[in-house]
6 protein chains.
Amino acid sequence: MSLKPKTPQESMAVLTEIVLPNDTNTLGNLMGGRLLHWMDIASAIAAHRHCGRVVVTASVNNVSFNQPIKLGEIVTMHAKISRAFTSSMEVFIDVWIENNQTGEKKKCNEAIYTFVAVDQVGNPINVPPLVPETDEEQKRFTGALRRRQLSLILAGKMRPDDATELKALFFK
Amino acid sequence: MSLKPKTPQESMAVLTEIVLPNDTNTLGNLMGGRLLHWMDIASAIAAHRHCGRVVVTASVNNVSFNQPIKLGEIVTMHAKISRAFTSSMEVFIDVWIENNQTGEKKKCNEAIYTFVAVDQVGNPINVPPLVPETDEEQKRFTGALRRRQLSLILAGKMRPDDATELKALFFK
Amino acid sequence: MSLKPKTPQESMAVLTEIVLPNDTNTLGNLMGGRLLHWMDIASAIAAHRHCGRVVVTASVNNVSFNQPIKLGEIVTMHAKISRAFTSSMEVFIDVWIENNQTGEKKKCNEAIYTFVAVDQVGNPINVPPLVPETDEEQKRFTGALRRRQLSLILAGKMRPDDATELKALFFK
Amino acid sequence: MSLKPKTPQESMAVLTEIVLPNDTNTLGNLMGGRLLHWMDIASAIAAHRHCGRVVVTASVNNVSFNQPIKLGEIVTMHAKISRAFTSSMEVFIDVWIENNQTGEKKKCNEAIYTFVAVDQVGNPINVPPLVPETDEEQKRFTGALRRRQLSLILAGKMRPDDATELKALFFK
Amino acid sequence: MSLKPKTPQESMAVLTEIVLPNDTNTLGNLMGGRLLHWMDIASAIAAHRHCGRVVVTASVNNVSFNQPIKLGEIVTMHAKISRAFTSSMEVFIDVWIENNQTGEKKKCNEAIYTFVAVDQVGNPINVPPLVPETDEEQKRFTGALRRRQLSLILAGKMRPDDATELKALFFK
Amino acid sequence: MSLKPKTPQESMAVLTEIVLPNDTNTLGNLMGGRLLHWMDIASAIAAHRHCGRVVVTASVNNVSFNQPIKLGEIVTMHAKISRAFTSSMEVFIDVWIENNQTGEKKKCNEAIYTFVAVDQVGNPINVPPLVPETDEEQKRFTGALRRRQLSLILAGKMRPDDATELKALFFK
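Keep in mind that what you see is a predicted model, and the values were worked out from it rather than measured.

Turning our attention to the overall build of chain A. Secondary structure summary: chain A contains three helices and five strands in total. Taken over the C-alpha trace, chain A has a radius of gyration of 17 Å; the compact-globule value for 172 residues is 16 Å, and the two agree within 12%. Summarising its shape, the C-alpha atoms of chain A cover approximately 50 × 40 × 30 Å along the three principal directions. In chain A, buried positions account for 59% of the 172 residues. Put simply, chain A shows about 7400 Å² of open surface, and 51% of that area lies on carbon and sulfur atoms.

Laid out in structure tokens, this is it:
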């Protein structure tokens, strides 16, 4: 495949949102579903920038909601491609909130979405390889293979014995 | 704990939505983020009905988007509690679309969300146990423990050796 | 007309909504207009399922708002065809709210909408007959004719003397 | 009751909306539910202006959708009080669309909503009397009594024999 | 150019909105961006009515936000063409809020938007001349030329020496 | 005033949006009002980050819409403080769209908003000074004084003779 490789930085997407009344539950905190929606848009933009094609959400691998985000708070999302496979891309989204007085930023969420690049009739199409640069990018790149094996096993599309990367997790 | 057990059926939530223009991407298909939002509301209602308390999204364990859902299609979501832990509840959401002419229903998505019941200041609070009834409910109830171990390992909160249920997946 | 008759149950639509901040008036109660919108979607889905065609709202016959619905409450709508005429369908929508602690359901609204099935250029098209099953379905089926006569009189399309069903209401 | 009477003109509300993509069905026409929502806001503003209190939708008496309204068309609503009772107000909404090239206006809908004025805990409260001025206002004022009797009968709160105004409709 | 002249009154647009929770900031006041959006729609409708063509926003010349508008308040906008140039139209929007108890109206904003009429491929197209009638309309008509010169200077498209109308502002 | 000065970079806000169907006019282009709304949020976040207080939109000084933005395009906004006065802040917003295939970015809009920092009852409150760093930041910092004089003159709050900075524009 001759597509020119790209770095995670080249396609990073930054989204910033203010939590409005209709985004909150009865405790006045951001509803999980709204954040899932925002992160889908953030990661779709990153995936689109990486491949220059229409991209569709293939899966949400794991999202944890560790702490409440309050009405009126500013939410910043950084979405970066962590690994590119043949036609799919894994995207990490880091979510930050900032203290209203001091401006100090605190990480409050981390999520992993997977997208597939498709042509105009919806068929999968090749995407450029990813070349990780920083230590964190390299670590997420490596982990992506393990997560992919896990997904394939859970979906019944891979035999556990063949998941060499994943098995290492249990017998390292 | 003396909370009265409940069945999945008692708290099942049914949501129906029509895919409107603003829900779609440039291919005219439902965006993943919108469906994630709808499924969060569906599963939050089921979790709330199970425990009668405020519930907050704790995690999205796994969602796969297997096929496009078109503009104008009717999307039906069935959300049912699959297992209750001390203060958290795992919820399965099955998503159906129906053929516009024949009305035939086809399953197009399956997702697993986890919710935590909280009191008015946001502290976790006990929820009633779940008593599965049908074969599918029983199967999902059993699998919930394995998924929970996997989450704990991935979050670094459990040693792989202790994940007895999960290891069985690799050495059955 | 050879279209296969259907029961109300076959096309019943269930919608569930949580009352969010933007749905409420300054008293913190659900605005009537929002509920009218939700009921229109619920009844449109039921009408569409009955006939498998595009349906358009023809009229709202009567809606009463008997009690306030509060912010954060869960609203469940059941929409069922009450009678099918040549190309139009009368739909009953029953609206329920549930007590947040006990889960007990209370009926809070009842509305009647009428839809017309149309082809792709918007011309009316025949719909299947309806076969009521339960006592309530039978009662609503019978009343539909009276409501239709009333509509025609109010619209100046029927002479009161010809409204035999309706006159019985006044001289029974 | 010593509240100062008002004319319909004093509280008339004018709303103008452009039909946007998300307001339309699969035929590209305005969905009935959206128009019901807009008319509720228009008539709530008129009712509020008449009495200077919080108002809540009590009922939608009759709405007919006679012709499709297209994507991009400009919809103008005129809402005027047609009659004030002790604590309730009947409101007529006339809906107009205009030809995009010629600007010619065409009436496309007429609806009747009823509102109740309430105090801060939601109890009904007296409203000023209405003094109709034009011929049309006078005609709608008279008809309001008949419509009220019909509502009461349909709700089982009035015996048909007592509905003197309504009976005249059938025996004039 | 033979297009038939029109008066400001002929194309005036009236929009009325209630400030809902999602329109407000953390002080419970209408956010500026929401009002900018509403005023854009109001002025687009006026511009469209003047020329009967598709219109696109060309610029926002000046908007001042002088006083907060509260949650639940009724906002009325009057948009009128103040001057028509070859293919562009300047529109004044006056914004009013009314006291909830007394109904007394108070002007709270004034804004100036400019629109361009375009054909179906987006090219500018001639619009009818405007004939101001009232004193205020005449005054705004005259000022429009000065504002246009100012815009052209700021955009570097006119030499300050040629801005005869504008210079008079500084040396009158 | 002893508030610690800040650079424009410290409070820069980046917002990214995809143009969805409901954001577009009948030509399929982004409506001006929607962009005005997005830019208000972007600049409010930058102003808030600069002063750590609630900020309210005071004015929109000038916005030009030079080229259409299409449905599905990705819009990126960079909002930076250009100058801080006693309690107000001028914010520049640069708007970029990117070519879907090549990813090449093109500037399509530039706007200037002014915000005021307020305390919890809405009274103006001091903000930190701004220290421009780059050439562009320095140029915008200088121009801000001229724009402020122009606003004051147009609002009738300054005599043209006193607008020394502005007069230089005409007699340089």
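That was the structure; now back to the text.
Turning to the confidence of the model for chain A, a few remarks are in order. Detailed reading of the predicted coordinates is not advisable wherever pLDDT falls low. With 94% of its residues at a pLDDT of at least 70, chain A reaches an overall mean of 89. Confidence, read as mean pLDDT per element, is least for helix H3 (residues 164-170) of chain A in chain A (66) and greatest for strand S3 (residues 74-84) of chain A (97).

Let's shift gears to the side chain of E:Thr76. With respect to the element layout, E:Thr76 can be found in strand S3 (residues 74-84). Within the structure, E:Thr76 has its side chain in polar contact with the side chain of D:Arg49 (distance 3.2 Å). Residues in contact with E:Thr76, not counting those within four places in the same chain, are D:Arg49, E:Val14, E:Leu15, E:Thr16, E:Asp94, E:Val95, E:Trp96 and E:Glu98.

Attention now moves to the relation of the copies chain B and chain A. For the pair chain B and chain A, the best superposition has an RMSD of 0.1 Å and corresponds to a rotation of 180 degrees with a translation of 0.0 Å parallel to the axis. Accordingly, the operation relating the two chain copies is best matched by a two-fold axis. When the interface residues of chain B are mapped onto chain A, 100% of them again fall at the interface, so both copies present the same face.

In this section: the interface of chain B and chain A. Contacts between chain B and chain A engage 34 residues on the former and 34 residues on the latter. Of the roughly 2800 Å² buried at the junction of chain B and chain A (both faces included), carbon and sulfur atoms supply 69%. Along the contact surface separating chain B from chain A lie zero salt bridges. Between chain B and chain A we count six residue pairs in polar contact (both at pLDDT 80 or more) in total. Counting residues per element, the ones that place at least two in the side of chain B that touches chain A are helix H1 (32-51), strand S2 (54-65), strand S5 (105-118), helix H2 (135-154) and helix H3 (164-171) of chain B.

Let us now look at the relation of the copies chain E and chain A. For the match of chain E to chain A, the screw axis carries a shift of 0.0 Å, the RMSD comes to 0.0 Å, and the turn is 120 degrees. Taken together, the rotation angle and the small translation identify this as a three-fold axis.

The next thing to look at is the interface of chain E and chain A. Tallying the contact residues gives five residues for chain E and four residues for chain A. Summing the contributions of chain E and of chain A, the shared interface buries around 360 Å²; its carbon and sulfur component is 69%. Here chain E is connected to chain A by zero salt bridges. Counting the contacts that link chain E with chain A gives one residue pair in polar contact (both at pLDDT 80 or more). Looking at the side of chain E that touches chain A residue by residue, the class counts come to two nonpolar, three polar and no charged.

Here we take up H1(B). Every α-helix carries 3.6 residues per turn, so stepping three or four residues along brings you back to the same face. Residue and element names in this part refer to chain B. With 20 residues, H1 ought to run about 28 Å at 1.5 Å a step, and its terminal C-alpha atoms sit 29 Å apart, in line with that. Most of H1 sits inside the fold, with 20 of its 20 residues counted as buried. Two residues or fewer after H1 comes Gly-52, characterised by a positive phi angle close to 65 degrees.

For the rest of this paragraph, the subject is the pairing of strand S2 (residues 54-65) of chain A. For S2(A), a buried count of nine out of 12 residues is recorded, marking the element as mostly surrounded by other parts of the structure. Judged from the 10 bridges that link them, S2(A) and strand S5 (residues 105-118) of chain A form a sheet pairing that is antiparallel. If you follow A:Phe65 over to S5(A), its bridge partner there is A:Asn109. Bridge count for S2(A) against S2(B) is four bridges, and the pairing is antiparallel. Bridge pairing in S2(B) links A:Ser59 to B:Ser64.

All right, on to the pattern of salt bridges then. Using the criterion set out here, one finds 54 salt bridges over all chains in the structure. Its salt-bridge partner being C:Lys107, residue C:Glu110 comes within 2.8 Å of it at the nearest N-O pair. Taking relative accessible area as the criterion, C:Glu110 reaches 35% and is therefore assigned partly exposed. What makes C:Lys107 partly exposed here is its relative accessible area of 32%. In this structure, E:Arg140 and E:Glu136 form a salt bridge, with 3.7 Å as the shortest nitrogen-oxygen distance. In this pair, E:Arg140 and E:Glu136 are both assigned in helix H2 (residues 135-154), four residues apart and thus about one turn of the helix distant. What makes E:Arg140 buried here is its relative accessible area of 10%.

Right, let's get into the sheet that holds strand S4 (residues 88-98) of chain D. The antiparallel open sheet is built from 10 strands, whose spatial order is S1(C)-S3(C)-S4(C)-S5(C)-S2(C)-S2(D)-S5(D)-S4(D)-S3(D)-S1(D). Whereas interior strands pair on both sides, the edge strands pair on one side only; in this sheet they are strand S1 (13-18) of chain C together with strand S1 (13-18) of chain D. Each neighbouring strand pair of the sheet contributes to a mean axis angle of 25 degrees, computed without reference to strand direction. Strands in contact with helix H1 (residues 32-51) of chain C are S1, strand S2 (54-65), strand S3 (74-84), strand S4 (88-98) and strand S5 (105-118) of chain C together with strand S2 (54-65) and strand S5 (105-118) of chain D; relative to S3(C), the strand with the most contacts, it is inclined by about 45 degrees. Contacting S2 and S5 of chain C together with S1, S2, strand S3 (74-84), S4 and S5 of chain D, helix H1 (residues 32-51) of chain D crosses the sheet at an angle of about 45 degrees to S3(D).

This paragraph deals with the environment of E:Ile125. All names here are of chain E. Relative to the helices and strands, Ile-125 resides in the loop between strand S5 (105-118) and H2. Each C-alpha atom of the pair Ile-125 and Ala-163 lies 25 Å from the other, and the pair is 38 residues apart in sequence. The residues touching Ile-125, leaving out its near neighbours within four places in the chain, are Arg-53, Thr-86, Ser-87, Ala-117, Val-118 and Asp-119.

Glancing now at the environment of B:Gly72. Among the structural elements, B:Gly72 can be located in the loop between S2 and strand S3 (74-84). Taking relative accessible area as the criterion, B:Gly72 reaches 14% and is therefore assigned buried. In this structure the C-alpha to C-alpha distance between B:Gly72 and B:Val118, which are 46 residues apart in sequence, comes to 37 Å. The residues touching B:Gly72, leaving out its near neighbours within four places in the chain, are B:Ile18, B:Val19, B:Asn100 and D:Thr26.

As summarised here, the arrangement of the 10 strands in space is S1(E)-S3(E)-S4(E)-S5(E)-S2(E)-S2(F)-S5(F)-S4(F)-S3(F)-S1(F), forming an open sheet in which the pairing is antiparallel. Each end of this open sheet is capped by a strand with a single partner; those strands are strand S1 (13-18) of chain E together with strand S1 (13-18) of chain F. Direction aside, the axes of adjacent strands within the sheet are offset by 25 degrees on average. Sheet topology places strand S4 (residues 88-98) of chain F next to strand S5 (residues 105-118) of chain F; 11 bridges connect them, and they run antiparallel. By the bridge assignment for S5(F), F:Ile93 is matched with F:Ala111.

Reading guide: rules and limits
- Residues numbered from 1 in each chain as written.
- Chains lettered and ligands numbered in written order.
- Predicted model: local features only at pLDDT ≥ 70, side-chain atom pairs only at ≥ 80, totals over all residues.
- Heavy atoms only, no water.
- Helix = DSSP H or I, 4+ residues; strand = E, 2+ residues; numbered from the N terminus.
- Rg over C-alpha atoms; globule rule 2.2 N^0.38 Å.
- Buried < 20%, exposed > 50% of the residue type's maximum accessible area, 1.4 Å probe, protein only.
- Areas by Shrake-Rupley, 256 points an atom, 1.4 Å probe, with all protein chains shown as cover.
- pLDDT = per-residue confidence, 0-100.
- Polar contact = N/O pair within 3.5 Å; in protein donor to acceptor, adjacent residues only side chain to side chain.
- Contact = heavy atoms within 4.5 Å.
- Least-squares fit on C-alpha atoms with pLDDT ≥ 70 in both.
- Buried area = accessible area lost by both parts, 1.4 Å probe.
- Salt bridge = Lys/Arg side-chain N within 4 Å of Asp/Glu carboxyl O.
- Nonpolar A, V, L, I, M, F, W, Y, C, P; charged D, E, K, R; others polar.
- Expected span 1.5 Å × (residues − 1).
- Pairing = 2+ DSSP bridges.
- Axes fitted to C-alpha atoms, helices over the stretch in contact; angles between N-to-C directions.

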